Every structure is written in C-alpha cells, then in structure tokens.
Amino acid sequence: MLEADVAIVGAGAAGLSLAHRLAGPGSGRRAPSVVLLDAPPGPLRPPRRTWCFWEAGPGRFDAAVTASWRSLRVRDRGGRPIDGDIAPLRYKMIRSDDFEHLVARDLAGHDGVRRVEGTVDTVEDVPGGALVRLRDRDGDPRVVGARWVFDSRPPGSLPAARTTLLQHFHGWFVRTARPAFAPGTAELMDFRTPQPADGLSFGYVLPLGRHDALVEYTEFSPRPLTPDAYEAAVRHYTDDVLRLGDLEVLSTETGVIPMTDAVMPRRTGQSVFRIGAAGGATRPSTGYTFAGLQRQTRAVAAAIREGRRPVPPPAHSARSRAMDAVLLRALAGGRADGPALFCRLFDRVPMRRLLRFLDGDTRLHEDLAVGLHAPVGPMLRSALELPGLPRRPYERPLHPPTSPAPATPETP
C-alpha cells in the first residue's frame, strides 16, 4: 500500500491546483506528502479544454495564460456593442495542455508529490484516514492510504435541485484568411445567434491575433444538442453572423456545465472531501469555475499546512447562491428574457463592478444596486416561488449523445 498525507483523485484543474499549492512554499508545518491519482489515457481523461477567469495583476498561473484582455464586449440581438474597460482586471484564458505542462514542470522538483496512473474504484473512510482502491494500467489492484483524500472527479449525477439548466457549448479555434479579429477585445456574449425556444444562446469570441481566435456557440437550456446541431450552429455564427470568410479550423472543444441550485456536497466522509466542480466551485449563474476552485484549493492547502481539518470552504457565498437560484428560476420558467436581461446589466452596470459581483466580491448594498437593474417583477415572482418548490433529481443526460470528433484542419 502506498501511503501519503494527502491523496488527490483526478488531475484536472482542481486536482492539479491543489497539488501545486501543497508543493509550493507556504507557512505552517512541513509540506505534506501527496499522491496525485490520474486516470490513464483513454475515455476517463477529460478532453482538451479552455478555462477563463478574471483577476487583477499578476496571477499564480500566468506562465500558462494563452492570452488576456482588459476590454470586454457584449452585443444585443441587433448587434449594438456594449464595451467596457475592466482594468485593473484582466480576462485571462488558459488552455488545459499549457496548465498541465506548467504544473508538471513545477512538481518535477518535489519529491513529496508522486503521480500515479490508475482507475479509481472506491474511496472509503478508515480509522485515522481513508483508502483509495484503484486498478493500474495492467488491471492490477493497488491501494493508497492517506490522512486526507480530495476527490475532484466530475460527479456522475447531480444532486436534487429546484432548477437545473445546462450551459453547453461547441467552439472552433480558427485561423482566417483575412484579418478578422480585434486582439484587444474579447466578445463575451453576442446575442445575434438564433434564440432557442426554452433558453438563450450567444456567440463567444476570444481573439488570439488578427487572424486567430476561439469562436464558440453557447446555450443555456435544459438539454445538450446533437453533434451535427453544434457544428451547424458554429458554422452559422462564423459564416452568417461574423462573416469571417475563408477559415481553417485548427481544433475544437465541446463542454457541458451544470447551472443548478443543487447543494453540492463538499464532504463525503470523515477524511474524504470534494473539490472543484464536484465540490460546488462552479458559479451557478455563469458556469465559471476556475476562480472558485482556486479559492477552495488555497484554503485547503493552508489548513493542511497549519494542522487544521481541511474542509473545503464554499466557493461562493450564501447570498450569491441565493441570487443565482432566483436568476436560474426566472430563466428556466421563461419569466425573464435572457438576452435582454444580460444586455441591460452590462449596459447599466460598469463592467468591472459587474465582474466583481459575479465573483462574489461585492458588498450587500452593491448587490442590491446591481439587482435593481434586473427586471424586478420576474425576479420577485421567482424569489417568492422558490421556497415552495420541491428539489428533484436531474434525470436528463449531462452530455451530448456522442461528442464531436476532434477537428482536423479543414477549410470550410
């Protein structure tokens, strides 16, 4: 049996971030010994993906940042731009490959962190700690014993909730024949896309240069699309809305993020905890997760070094989650016009303040000021409805029937 102070199940953003913080310099006792359990290459490993977040000044993972922007834009259904300078914040984009390489490089010099490949079967409490049972690449059983275990694997199903929508998207990394993008501005929400009957949709453009960008089609709705529908939606956005002309698709990404008022358990045993999306790091109203999991892993690493019980804290305040529950109910019930609501907020609230609000970094009076720019009637009716609604399991699939195949270079 392999033994360590800490076992981390899953080497995605949350697992790698916690390992990086535990291996780095910090106050308190000695750095703990860590076993990082990663799934072997295959279907259990998540595909390449992109994480975005905003922060002021230099950040811990800046060496992995692909690009950043200080100007954001939202477009209403008629194409009217709403621009905002978010300085001193920067909107940052990290690709998972670059993040993994950065963390692997920094962990390479730390003997206290061991990386083990295997398929985890069970995680169970035992006196004084927990055991992780797994099978290695050859199918042979192995056991890891640890004082604390942090499970970052995506949940197989969602807890019961009053409201659950999915934020699902498909995007292309493109290279255009002509200079088509303004590198200084990220298009956060472009509502010139066809709106679904039971949700909202928008385009999302992160320019990497005059000729290069990530272009995505995103929906907030109850169910994902088929692969063909995603491809058609992105092609319509690039061809008919953006009018990019000849372009090459360098790679693709597809994802589904639950937007739910379900209570995500952060503790599943005396010594077993959940972190990342499985531990409630995702902001229900936006789908952003990276900043929330950084707050969680920073607090967990500090508690371990200081000899305290490392229960991951809520990534978002109770007030933020309550406001998100009202917004999700208004959107899911069709009371609020999603595109009009978001455009109104971005038009009437300074973008820097709105981003702070979305990150839970505002005081009560600031939250109330933002809320006054939302449609008061639909929000109030949704708030009054929530206490009487039962929490029900989410029974629809969380993922598309089959994921689109990774793109090979092509010229539509």
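The protein has the name Lycopene cyclase family protein in an unreviewed UniProt entry, where Streptomyces griseoincarnatus is given as its organism.

Asker: Just checking my understanding: could you explain the overall build of the protein for this structure?
Answerer: Each helix and strand counted, the protein has nine helices and 17 strands in total. Its C-alpha atoms give the protein a radius of gyration of 22 Å, within 12% of the compact-globule value 22 Å for 412 residues. Projected onto its principal axes, the C-alpha positions of the protein cover 60 × 50 × 40 Å. Across the 412 residues in the protein, those meeting the buried criterion constitute 51%. Accessible surface computed for the protein: about 18,500 Å², of which carbon and sulfur atoms make up 52%.

Asker: Sorry if this is basic, but what is going on with the packing of aromatic side chains here?
Answerer: Aromatic rings considered in pairs are described by the distance between their centres and by the relative angle of their planes. The full count for this structure, using the stated rule, is 15 aromatic pairs. A ring pair is formed by F220 and F342, whose centres lie 6.4 Å apart and whose planes are at 80 degrees; its orientation type is edge-to-face. Of the two residues, F220 sits in strand β15 (residues 212-221) while F342 sits in helix α6 (residues 338-348), which places them 122 residues apart along the sequence. Overall, the relative accessible area of 9% leaves F342 in the buried class. Aromatic rings pair up to connect W51, F53, F61, F99 and F290 into one cluster. Its end group placed over the ring of F173, R95 keeps NZ or CZ at 3.7 Å from the ring centre.

Asker: Even after reading the chapter, I still don't get empty space enclosed by the protein, so can you show me in this structure?
Answerer: Which parts of space are left empty comes out when a probe the size of a water molecule is rolled across the atoms. Applying the stated criterion across every chain yields a total of one cavity of 30 Å³ or more. Roughly 100 Å³ of volume is contained in the largest cavity. Considering the residues around the largest cavity, the lining is formed by 15 residues, among which W54, Y288, T289, A291 and D359 are closest to the centre. Counting only elements with at least two residues in the lining of the largest cavity, the list comes to β3 (50-56) and α4 (290-305). Of the residues forming the lining of the largest cavity, the biggest block, four residues, is contributed by α4. Partitioning the lining of the largest cavity into residue classes produces eight nonpolar, four polar and three charged.

Asker: What is the right way to read a nonpolar patch on the surface from this model?
Answerer: Together, V376, L380 and L384 make up a nonpolar patch on the protein surface, roughly 310 Å² of accessible area in all. Relative to the helices and strands, L384 is located in helix α9 (residues 376-385). Here L384 falls in the exposed class, since its relative accessible area comes to 63%.

Procedures and definitions
Residues numbered from 1 in each chain as written. Predicted model: local features only at pLDDT ≥ 70, side-chain atom pairs only at ≥ 80, totals over all residues. Heavy atoms only, no water. Helix = DSSP H or I, 4+ residues; strand = E, 2+ residues; numbered from the N terminus. Rg over C-alpha atoms; globule rule 2.2 N^0.38 Å. Buried < 20%, exposed > 50% of the residue type's maximum accessible area, 1.4 Å probe, protein only. Areas by Shrake-Rupley, 256 points an atom, 1.4 Å probe, with all protein chains shown as cover. Phe/Tyr/Trp six-rings, centres within 6.5 Å; stacked < 30°, edge-to-face > 60°. Lys NZ or Arg CZ within 6 Å of the ring centre and 35° of its normal. 1 Å grid on protein atoms, 1.4 Å probe; cavity = no way out; pocket = protein on both sides within 12 Å on 5 of 7 lines; lining within 4 Å. Points joined across faces, edges and corners; volume = space filled by probe spheres on them. Nonpolar A, V, L, I, M, F, W, Y, C, P; charged D, E, K, R; others polar. Patch = residues over 30% accessible without salt bridge, like charges linked within 9 Å, V, L, I, M, F, W, Y side chains within 5 Å. Salt bridge = Lys/Arg side-chain N within 4 Å of Asp/Glu carboxyl O.

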